[in-house]
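# Structural description and commentary
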Amino acid sequence: MARNEAGGSIAGHVAAVAGLVLMLVLLPFYLASGLMAPYWAVALLVVVWLALFLLGILWFRRHPFLVLLLPVVAVAVWFVVMIGGESLFGWTP
């Protein structure tokens, strides 16, 4: 496997960059949750998104392939909160 100057694999860096880019793609969904969820729930969702994004930055060199899992977790969290909020608290668009 090819290595770059910093000692990490190129494939690992590509995977980590892809994971962080996918996290950025999900940010508008988190911000647009205010169309259905109350503002306190949107604030909590944004805090969760920010924590996952910062975790991706921390994992960039140590665990670059795990960064690809963060967007999957982010999508799952968003769906669970939005569907749970709709069924439990009556959030509607």
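Residues numbered from 1 in each chain as written. Predicted model: local features only at pLDDT ≥ 70, side-chain atom pairs only at ≥ 80, totals over all residues. Heavy atoms only, no water.

### A closer look at the packing of helix α1 (residues 10-31) against helix α2 (residues 39-62)
Two quantities define a packed helix pair, namely the angle between the axes and the distance from one axis to the other. Direction vectors running N to C along α1 and α2 enclose 170°, while the axes themselves pass 10 Å from each other. Regarding the angle of α1 to α2, the classification is roughly antiparallel. Touching His13, Ala16, Val17, Leu20, Met23, Leu24, Leu26, Leu27, Tyr30 and Leu31 of α1 are Val42, Leu45, Val46, Trp49, Leu52, Phe53, Gly56, Ile57 and Phe60, all from α2. Among the residues making up the contact of α1 with α2, the classes are represented as 17 nonpolar, two polar and no charged. (Axes fitted to C-alpha atoms, helices over the stretch in contact; angles between N-to-C directions. Helix = DSSP H or I, 4+ residues; strand = E, 2+ residues; numbered from the N terminus. Parallel < 35°, antiparallel > 145°, perpendicular 65-115°, else oblique. Contact = heavy atoms within 4.5 Å. Nonpolar A, V, L, I, M, F, W, Y, C, P; charged D, E, K, R; others polar.)

### Let's talk about α2
Given a rise of 1.5 Å per residue, 24 residues ought to cover 34 Å, and the 35 Å separating the end C-alpha atoms of α2 matches this to within 8%. Looking at α2, one finds that the buried residues are Ala41, Val42, Leu45, Trp49, Leu52, Phe53 and Gly56. (Expected span 1.5 Å × (residues − 1). Buried < 20%, exposed > 50% of the residue type's maximum accessible area, 1.4 Å probe, protein only.)

### A closer look at α1
Spanning 22 residues, α1 covers 32 Å between terminal C-alpha atoms, matching the ideal 32 Å at 1.5 Å per step. Along its length, α1 reaches its greatest deviation from straightness, about 25°, at valine 25, and the proline proline 28 lies no more than four positions downstream. Of all the positions in α1, only Gly12, His13, Ala15, Ala16, Gly19, Leu20, Met23, Leu26 and Tyr30 are classed as buried. At its buried positions, α1 is contacted by α2 and α3 (69-89). (Bend = angle between axes of the 7 residues up to and from the residue.)

### Things to note about the packing of aromatic side chains
In this structure the tally under the stated criterion is five aromatic pairs. Considering the side-chain rings of tryptophan 78 and phenylalanine 79, the 5.2 Å spacing of their centres and the 80° angle between planes classify their relative orientation as edge-to-face. Aromatic ring contacts, followed pair by pair, group Phe29, Trp78 and Phe79 into a single cluster. (Phe/Tyr/Trp six-rings, centres within 6.5 Å; stacked < 30°, edge-to-face > 60°.)

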